[in-house]
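Reading the structure
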Amino acid sequence: MENSSKEEYTIRSFDLETQKLLKTALKDPGSVDLEKVSNVIVDQSLKDQIFSREAGRICFTIVQAEAKQTNGNVFRRNLLNRLQQEFKAREETRKRSTHEWVCLVSFICNIFDYLKVNNMPMMALVHPVYDCLFRLAQSDALKNEEEVDCLVLQLHGIGDQLEKMNLQLMDELFNLLRDGFLLQEDLSSMGRLLLLEILEFRAGGWTLSETAQKYYYSEVTD
Amino acid sequence: MLTYTQQFVRWLFHFYSKQCLSIKNTDTKTIANLKKTGASRWTHCRKRGADGNLRKCHEVEEPGKSSQSSRRQESFTTPESEGPVSRVKNWGDEVEAEEMRSNVRRDMHRYRRRILEADFPQRDRKISSGSSDSRDSRDSKESPAKGDIETDENTLIRRQKQINYGKNTLAYDRYIKEVPKHMRQPGVHPKTPNKFKKYSRRSWDQQIKLWRVKLHAWDPPAEEGSDLQQIEEIDLGEIMDFELDVECSADTESQCPTSSGASLSLAEAFKWSLSLVV
């Protein structure tokens, strides 16, 4: 029950008609146009950063509901193919709007986190996710606080899973981050701090030691 | 007045000499190209393409040409790949393939456990034919060695797809609602073929066919349309993915080579036609 109220909270950002559509999709997926539903969800995820971090849960619920009700895969297939289109166009999206770009990354990672196949992450998404993170680790992106923030947020959420799927790529990614932190001069101080934190986070086995926690996250008393 | 046989032989010579000419007129470059696509100079004689689909008449498959009627394979398997690799990587399809593969692996673990469980209680006792200790008591007798199960993933995935076609029907839904598993009588009630047992390709395809035919007994009433649809769902392309080679023995006059789906070499055809004249 708590889960459904969480989902209901998230869809409050939609207009009433869309809310109704989504609610029906969650309970009776066979009765709605699932392609439309997937498009609605993707469109909103690219606009609303908070939604992009929560949409994965809704998608997972719809996928399960559809599988149970009709043994079908229509929603998941449409969602993934639409996502693939957006992913292909990511460079243009980034040029057009940094905000849309970070929403896209956030959404793809959220989907990777929630949409599991037989309790395993979708292998098809591993490389695309890494591609996005590598893009965020380029020097032109690291100087944007918004992009660094997105990068470290994703790594906090799914870094350990990604590492399990491909250790070598994670090592390469962190080499870039380390180099960026040490050598890049046009980083903001917040950006630098965020990078330092994520470097320590991974070094600690994807968790922050108590001292580190205190260092990064507690208020400094004057 | 020529006999029918003589008329036929005449026609046959005429037919094949025409083919000879058209082959002669095919330049070496086209032949080389045809070879690259796996087609041969006889390709345009065949009724079905390599993928099992019927072709339009006198069509030559040209590589790189995306003609409406040429249905290139959506996926192919190379020695390096871990199974069918899609031509155009489409996330929806990829994830579905992943899911099928992991489902098959999970099924295999379950099956292995079931076999092991079935074996143990029977080690000390003689089994009477009426014994129904474990569900698979008959199965485990038939697969004596534990290693004697089908393990090739591609085969298992292909078989699972065929099973899924059958289970995805109204008839199957109605059947499982009507007859719970413990009420099933062997012979009377259709039983899903066991994809883990070792069978030849033909044997397996035949079992699937028979199973699906049996399931039709539970088709919803007065729905002619859905009946036909279900029959078409049997993917003939998969079942018939080899060319039928007609063997012409010089002995029998009665064996008449059919032109549908058969690829006759000139030599064989001439051999046969000569046998009629002699």
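In this report, we go over the structure that sits alongside the text. Every value quoted in this text rests on a predicted model; they were computed, and no experiment measured them.

The subject of this paragraph is the overall build of chain B. Check the secondary structure of chain B and you find 10 helices and 2 strands. Counting from the amino terminus, helix and strand elements in chain B follow one another as α-α-β-β-α-α-α-α-α-α-α-α. Sorting the 278 residues of chain B into buried and exposed places 30% on the buried side. Sequence-distant contacts, at least 24 apart, represent 55% of the contacts inside chain B between residues at least 6 apart. For chain B, the computed accessible surface area is about 19300 Å², with 53% contributed by carbon and sulfur atoms.

Further remarks concern the environment of F181 of chain A. Residue and element names in this part refer to chain A. Note on placement: F181 falls in helix 11 (residues 167-183). What makes F181 buried here is its relative accessible area of 18%. With 18 residues separating them in the primary sequence, F181 and L199 have C-alpha atoms 9.4 Å apart.

With that out of the way, let us pick up the packing of aromatic side chains. Under the counting rule described, the total for this entry stands at 12 aromatic pairs over all chains. Centroid distance F87 of chain A to W91 of chain B: 5.5 Å. Interplanar angle 45 degrees. Geometry classified as tilted. You can see F87 of chain A sitting in helix 5 (residues 74-88) and its partner W91 of chain B sitting in helix 3 (residues 91-119), one on each of two chains. The class of F87 of chain A is buried, set by a relative accessible area of 8%. Pairing Y215 of chain A with Y216 of chain A gives two aromatic rings, centres 4.8 Å apart and planes at 85 degrees, and the pair type is edge-to-face. Overall, Y215 of chain A belongs to the exposed group, its relative accessible area being 57%. Three or more aromatic residues link up through ring pairs in this structure, and these residues are Y172, Y175, W211 and W218 of chain B. R159 of chain B extends its terminal NZ or CZ atom over the ring of W204 of chain B, reaching a point 4.6 Å from the ring centre.

Let's shift gears to unusual backbone geometry. Residue and element names in this part refer to chain A. In this model, N119 sits at a positive phi of 65 degrees, which is unusual for a non-glycine residue. By the secondary structure assignment, N119 is in the loop between strand 1 (116-117) and strand 2 (120-121). At W206, a residue that is not glycine, the phi angle is positive and equals roughly 65 degrees. Checked against the element boundaries, W206 lands in the loop between helix 12 (189-203) and helix 13 (210-217).

This brings us to the nonpolar core. In summary, soluble globular proteins display a tendency toward joint burial of nonpolar side chains. The biggest cluster of nonpolar side chains holds 72 residues, and the ones touching the most others in it are V37, I41, I62, F75, I111, L155 and L177 of chain A. Here this core takes 9 residues from helix 7 (residues 98-114) of chain A, the largest share from any one element. If you look at the next biggest cluster of nonpolar residues, it comprises 10 residues, including I163, A171, W204 and W211 of chain B.

Each partner contributes residues to the interface: chain A has 16 residues there, and chain B has 13 residues. Of the roughly 1300 Å² buried between chain A and chain B, counting both surfaces, carbon and sulfur atoms make up 53%. When residues of chain A are sorted by the area they lose upon contact with chain B, Q84, N118 and A124 of chain A head the list and together hold 36% of the total. In terms of residues, the side of chain A that touches chain B owes the most to one element, helix 5 of chain A, which gives 7 residues. Classifying every residue of the side of chain A that touches chain B gives 10 nonpolar, 4 polar and 2 charged.

What counts, and where the lines are drawn
- Residues numbered from 1 in each chain as written.
- Chains lettered and ligands numbered in written order.
- Predicted model: local features only at pLDDT ≥ 70, side-chain atom pairs only at ≥ 80, totals over all residues.
- Heavy atoms only, no water.
- Helix = DSSP H or I, 4+ residues; strand = E, 2+ residues; numbered from the N terminus.
- Buried < 20%, exposed > 50% of the residue type's maximum accessible area, 1.4 Å probe, protein only.
- Contact = heavy atoms within 4.5 Å.
- Areas by Shrake-Rupley, 256 points an atom, 1.4 Å probe, with all protein chains shown as cover.
- Phe/Tyr/Trp six-rings, centres within 6.5 Å; stacked < 30°, edge-to-face > 60°.
- Lys NZ or Arg CZ within 6 Å of the ring centre and 35° of its normal.
- Core = buried A, V, L, I, M, F, W, Y, C linked by side-chain atoms within 4.5 Å.
- Buried area = accessible area lost by both parts, 1.4 Å probe.
- Nonpolar A, V, L, I, M, F, W, Y, C, P; charged D, E, K, R; others polar.

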